[in-house]
Amino acid sequence: MAVQPTTPPWTRYVAIGDSFTEGLWDAPDGDGGPDRPDAPLRGWADLLAAHLSTRRQAAGEPALEYANLAVRGRLLRPILTDQVPAAMGLQPDLVSLVGGGNDILRPAADVDRLARDLEAAVVRLRRAGIDVLLGTGVDAAGSPLVKATRSRVGVYNAHIWSIARRHGAHVVDLWGMRSLLDWRMWHEDRIHLTTDGHARVAQAALVGLGLAPDDERWDDPLAPQPPAPRLDRLRGDAQWVRTHVYPWATRRLRGRSSGDTRTAKRPHPEPVTAD
């Protein structure tokens, strides 16, 4: 897609999805993480809204209105059955719909079924005249456990690109981001992005929407670091399993989610203005 430095045409943007779009763990005060589950969160969608609004106001247009209905832990079905209708009720002209990652973590996930459900939602949004921004899954080749999902994510990504082509949707290409292959872009839980990771995804979203990024080097890889000793890597993997994988698996066995008692952080569209 050709990138054009044009004024964003959208007036109201609604983000829907799971923890990725809610913004874990990009805390504006720099102190977010599982030990502070109620810390205020920002994230790539909030940053994208800010970029779009800034450009609109610079061109003499009203500030972008923005809502974020994403909730951590959500599977694709609740996103589609609960958040999509709620988003449409807010009358946006742009919706970002990124979900399915929590489903794909489960070995029995039916990726083709996920794609069919996703496409039905995209059709519904597009028929209402709403532009849609989808997102591919990230390449987890370097993750000790999550890389087991790589083939499922690859198939799902192929579906996403096809859905976008058939229905005129936009795509933020997370799989293609070289910078996200660096663990310094990821929180210690290895599932959620750091502040820098969210900032780079926001730039990728601008490009996915056909707009020029703010920084042409937005996806440049970080300067390489010397590899950690093997023993340190093994200790780090063991600590990760104890601290993050075990609690996640325990919640799953109990049929619980990290977002069971949570609601959307920004349920109503509000103008995005500079602080």
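In what follows, the structure referred to is the one given above.
So, how was this worked out
- Residues numbered from 1 in each chain as written.
- Predicted model: local features only at pLDDT ≥ 70, side-chain atom pairs only at ≥ 80, totals over all residues.
- Heavy atoms only, no water.
- Helix = DSSP H or I, 4+ residues; strand = E, 2+ residues; numbered from the N terminus.
- Buried < 20%, exposed > 50% of the residue type's maximum accessible area, 1.4 Å probe, protein only.
- Contact = heavy atoms within 4.5 Å.
- Areas by Shrake-Rupley, 256 points an atom, 1.4 Å probe, with all protein chains shown as cover.
- Pairing = 2+ DSSP bridges.
- Axes fitted to C-alpha atoms, helices over the stretch in contact; angles between N-to-C directions.
- Parallel < 35°, antiparallel > 145°, perpendicular 65-115°, else oblique.
- Left-handed = near helix turned anticlockwise from the far one by under 90°.
- Nonpolar A, V, L, I, M, F, W, Y, C, P; charged D, E, K, R; others polar.

I keep staring at the overall build of the protein chain and nothing clicks. Help me out?
For the protein chain, the helix and strand inventory stands at 8 helices and 6 strands. Put simply, the protein chain runs from its N terminus to its C terminus through helices and strands in the order β-α-α-β-α-β-α-α-β-α-β-α-α-β. Looking at the protein chain as a whole, 46% of its 275 residues qualify as buried. For the protein chain, contacts bridging at least 24 residues in sequence account for 76% of all contacts bridging at least 6. Carbon and sulfur atoms make up 53% of the accessible area of the protein chain, which amounts to about 13600 Å² in all.

Would you mind going over the environment of G176 with me for this structure?
Mapped onto the fold, G176 is located in the loop between β5 (170-172) and α7 (195-208). Since its relative accessible area comes to 41%, G176 is described here as partly exposed. With 40 residues separating them in the primary sequence, G176 and T136 have C-alpha atoms 8.8 Å apart.

Please explain the pairing of strand β3 (residues 94-98) as it appears in this structure.
Among the 5 residues in β3, 5 count as buried, and that is most of the element. By the alternation rule, side chains of β3 split into L94, S96 and V98 and V95 and L97, which are all buried. Here strand β1 (residues 12-17) runs beside β3; their pairing, made up of 5 bridges, is parallel. Following the sheet pairing, Y13 is matched in β3 by L94. Bridge count between β3 and strand β4 (residues 131-135): 4 bridges; the pairing is parallel. Counted as the bridge partner of L94 is D131 from β4.

What am I meant to see in the pairing of β1 here?
Along a regular strand, successive side chains alternate from one face of the sheet to the other. Summarising burial for β1: 5 of the 6 residues are buried, a large majority. Here 4 bridges tie β1 to strand β2 (residues 65-68), and the two strands are oriented parallel to one another. Looking across to β2, one finds that R12 is bridged to E65.

What exactly am I supposed to notice about the packing of helix α5 (residues 111-127) against helix α6 (residues 150-167) here?
Pairs of packed helices are described in terms of their axes, by the angle between the two and the distance that separates them. Packing of α5 against α6 brings their axes to within 10 Å, and their N-to-C directions diverge by 25 degrees. Considering their axes alone, α5 and α6 lie roughly parallel with respect to each other. Pair α5 / α6 crosses with right-handed handedness. Facing α5, whose interface residues are V111, D112, L114, A115, L118, E119, V122, V123 and R126, α6 presents R152, V155, Y156, H159, I160, I163, R166 and H167. Residue composition of the contact of α5 with α6, by class: 10 nonpolar, 2 polar and 5 charged.

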